Amino acid sequence: MIAVAGTSAPAVAQSVSPADDSAAEDVGEIVVTAEKRSSTVRDIPMAISAYAPATLQQKQITSIEDIQRISPSMQAGFKAGATQFVSIRGIGAQLYQLAAEPAVAVSQDGIVNTSQNSMNLDLFDVSRVEVLRGPQGTIAGRNAIAGAVNVYSNEPTPNFEGALTATIGNYERLAVEGYLSGPIAGDKVMARLAIRSDRDNGWLRNTLLDTRLGQTDKLQFRATVLARPTDDFEALAILDVVRDRSTTFTLADNIRIRSDKPSLTEAFGAIPFSWSDKTVAMDESGSFNLRRYQPSLRLKWAVSPSTSITSLTGYLKLENFSRWDPDGSSLPLFVWNPKATLPGFDIDQFSQELTVVSDISDRLELIAGGLYVSNHLKGANQFGIPFDSIPVDAIDYRANQRLESISGYAQLRLKLLPNLRVSAGARYTHDRKKYDATLNVFGSIVQNQANTTWDDVTPRFTIDFTLSKDLTVYATVSKGFKSGGYVTYSAPINQFDPETAWNYEAGIKGSLFDGRLTGALTGFYMRYKGLQQSQASVSSGDIIGRVVNADTAAVKGAELELDARVTNTLRLSFSGNWLHGRYGRLLSADPVYPERGVQDYSGNRLVRAPDWQFSAGADYSTAIGSDWNATLSASYSWQTKVYFDFTNKETVAQPTYGLVNLMASLESSDGNWRVAAYLRNLTDKFYVTQNNPLVERDVTYGSLSIGEPRRFGVSLTRHF
């Protein structure tokens, strides 16, 4: 989609030299760097959506999970702990494993998160968000087999400025956010400091322990320094820090997963969860303590007017010590060891990327580079299952995984005619993973070790044709690759293989009626081989977790994005998609029906792949006197049924649903003051973002993660 950048949005910061972005905003475009160089959305021959700060603000998009409400073919969910599931076009890492890597590459300021446990990012003080659909293995980073989500923070400004926003809301919410930006040494050195604190009292009451769940307690800080000592050199240093003590949870779904087996309530008297009362009964409320540190350094040299070299160095340190009730019930099915002192998991990641961008001639462009990533992930689970007479200190899992990845990529783009370009590129990836784990059950120790390498070449071929200065058509063929791995806590060790995909795509994008109507239409077909899928259950004290590779899977679909300036005061937006994602050949057992043995699930729908999905929005702005401007915004997102396991159980699916968000704001003509009222999930709709079928004794039930209820509040902003 050609992104909307509203009048209140700050300009998008550029590399090397600031650029006037007003023209791009006038036609509804913002500048993106999806191909390692600054380009408009229309100039990039791929399916890409980009969102400016004003769009995110008006649509109330504050997290990675929220982006699915406005971006076609995207699904996202959050599991208790820190696991973020993101899928694009029906493909994502649905792996409940500590060391599982995402199929959608999520990056912040160019630093890719190699673990799905480090992808839970808030959109705090950002300049733009880019969503790339389809395999991006050539340029956008490793493991981007389904697509990529790139988040970029605001850069320092040459003039002194700042803002402070205070928000209050239901459930005793109090949030404060602000930034200061300006020069330190003229236009040679500039800095920006941003901070955000967000707290509330939690919207769910645990009646068993008289505590609150669903609480927000998050503190974020970002410091950025931009130095331009010469006209041809730039250095950008960023330090991003997050401390998150929010309480996360899963809930036991007290229905029968299989009709011939009782529910938890029927079998053991578990107290049901109540959405209307916002109450639950759990024997453990849990806690969450996450600390994240991400420093990065980007150095850019303009070697010549036509060639630049960029170095991007990043480090990520993430520690998470989490406790929650995994069974989500009043029963002691699964209890953490209260004396455990080890973190749930610990991530150390280092990356170094070097990129060369060159206009070899007025007809030939080159992008080439290399990426090195190392990652060390440590995890520990210490727990028991008192319900099966297993003490809380009886089971102790420890796991370590080390990743070393080296890749090189290059892409050439040749202008055959003034309005016809062809592109060809490829990436070579070599991954090595080392894994060791120790399982201690009642003093009996089992150790596992593995050391495996995988590599692949992922090419991309594209042709694009400019029909007019405002319309472009393109066609592309690309391959994606996602590395193999290991089930984190398994005995004996469970290794799964890589997955690959070929994507065939064509589209048209641009604007009509002097830029009043902008949009994009894309059609695609993807063929997957070895698609990774997981199953997990708890049965009679035995932990069952495994990952299987589906032999094949196929996805086809179409995506449409439209943005219309109907009048100078009314703007309408629409994004939607049709998706047909099915497994080609998949043979597997089902832990909910173990007596059936291996079954054929070929032809089942892919996980997190609704057949239809759309969002629509309207923004109406009008002047109130000469000093104020009022804006009313409404958005509606809707999707058809989603399955959360590849057996396509109706009892753990999310049926068709829609969400309504509203916002009203009043802003002074000089932009110095803004007051806004927001309302999310107007109808208080209950919906599930994750559901895992589990087994305990002769009972089957679902372990749910659910979306937030109705939230509302007001905010006051002062710009200076």
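Basis of the calculations
- Residues numbered from 1 in each chain as written.
- Predicted model: local features only at pLDDT ≥ 70, side-chain atom pairs only at ≥ 80, totals over all residues.
- Heavy atoms only, no water.
- Helix = DSSP H or I, 4+ residues; strand = E, 2+ residues; numbered from the N terminus.
- Rg over C-alpha atoms; globule rule 2.2 N^0.38 Å.
- Contact = heavy atoms within 4.5 Å.
- Areas by Shrake-Rupley, 256 points an atom, 1.4 Å probe, with all protein chains shown as cover.
- Lys, Arg positive; Asp, Glu negative; His and termini not counted.
- Charge placed at Lys NZ, Arg CZ, Asp CG, Glu CD.
- Patch = residues over 30% accessible without salt bridge, like charges linked within 9 Å, V, L, I, M, F, W, Y side chains within 5 Å.
- Salt bridge = Lys/Arg side-chain N within 4 Å of Asp/Glu carboxyl O.
- Buried < 20%, exposed > 50% of the residue type's maximum accessible area, 1.4 Å probe, protein only.
- Phe/Tyr/Trp six-rings, centres within 6.5 Å; stacked < 30°, edge-to-face > 60°.
- Lys NZ or Arg CZ within 6 Å of the ring centre and 35° of its normal.
- Pairing = 2+ DSSP bridges.
- pLDDT = per-residue confidence, 0-100.

K.L.:
Help me understand the overall build of the protein in this model?
P.N.:
The helix and strand inventory of the protein stands at 3 helices and 43 strands. At 25 Å, the protein has a C-alpha radius of gyration in line with the 27 Å of a compact globule built from 720 residues. Seen through its C-alpha atoms, the protein measures out along the principal axes to roughly 70 × 55 × 45 Å. By sequence separation, contacts in the protein at least 24 residues apart represent 66% of the contacts at least 6 residues apart. Looking at the protein as shown, the accessible area adds up to about 27,000 Å², and 58% of this sits on carbon and sulfur atoms. Averaging the locations of the 70 positively and 76 negatively charged side chains of the protein gives two centres separated by 2 Å.

K.L.:
Would you mind showing me how to read a nonpolar patch on the surface here?
P.N.:
On the surface, F465, L467, I508, L521, L560 and L562 cluster together into a nonpolar patch covering about 450 Å² of accessible area. Only β27 (444–468) and β33 (542–565) provide two or more residues apiece to the nonpolar patch. As for its placement among the helices and strands, L560 is situated in strand β33. With a relative accessible area of 31%, L560 lands in the partly exposed category.

K.L.:
Hey, could you run me through the packing of aromatic side chains in this one?
P.N.:
In this description, an aromatic ring pair is defined by two values, namely the gap between the centres and the angle between the planes. On inspection of all chains with the given rule, the structure shows 16 aromatic pairs. Ring plane angle 25° and centroid distance 6.4 Å describe the contact between Y504 and Y525, whose orientation is recorded as stacked. Here the residue Y504 occupies a position in strand β31 (residues 499–512), and Y525 occupies one in strand β32 (residues 517–539), the gap between them amounting to 21 residues. Among the residues examined, Y525 registers a relative accessible area of 35% and is labelled partly exposed. Members of the aromatic cluster, joined through ring pairs, are W203, F273, W275 and F686. When the ring centre of Y152 is taken as origin, the NZ or CZ atom of R128, which lies over that ring, is 4.0 Å away. The cationic tip of R596 hangs over the ring face of Y593; the distance from NZ or CZ to the ring centre is 3.7 Å.

K.L.:
What am I meant to see in the pattern of salt bridges here?
P.N.:
Pairing is possible between side chains of opposite charge, provided their charged atoms come close. Enumeration according to the criterion identifies 44 salt bridges in this entry. Across the salt bridge formed by D122 and K218, the nearest N and O atoms sit 2.9 Å from each other. Within this pair, whereas D122 is found in the loop between β8 (111–112) and β9 (126–133), its partner K218 is found in strand β16 (residues 217–230), the two being separated by 96 residues in sequence. Across the pair, exposure class does not vary: D122 and K218 are buried alike. In this structure, R133 and E561 form a salt bridge, with 3.1 Å as the shortest nitrogen-oxygen distance. Separated by 428 residues along the polypeptide, R133 in strand β9 and E561 in strand β33 bring together distant segments of the chain. Each member of the pair, R133 together with E561, is buried. A single salt-bridge network, built from bridges that share partners, covers D122, R173, E177, R196, D198, K218 and D244.

K.L.:
Just to check I follow, could you spell out the sheet that holds β9 for this structure?
P.N.:
Paired through their backbone hydrogen bonds, the strands of a sheet run either parallel or antiparallel. Spatial ordering of the open sheet is given by β3-β9-β10-β7-β8, a layout of 5 strands whose pairing is mixed. Each having just a single partner strand, β3 (48–51) and β8 make up the two edges of the open sheet. Where strand β7 (residues 104–108) lies against β8, 2 bridges are found, and the strand directions are antiparallel. Bridging across to β8, S107 finds its partner in V112.

K.L.:
Sorry if this is basic, but what is going on with the confidence of the model for the protein here?
P.N.:
Low pLDDT means the predicted coordinates in that region are not meant to be read closely. On average, residues of the protein score 87 in pLDDT, and 92% of them are at 70 or above. Under a pLDDT of 50 for its full length, residues 536–543 has, in the predicted model, 25 contacts with residues more than four places off or in other chains.

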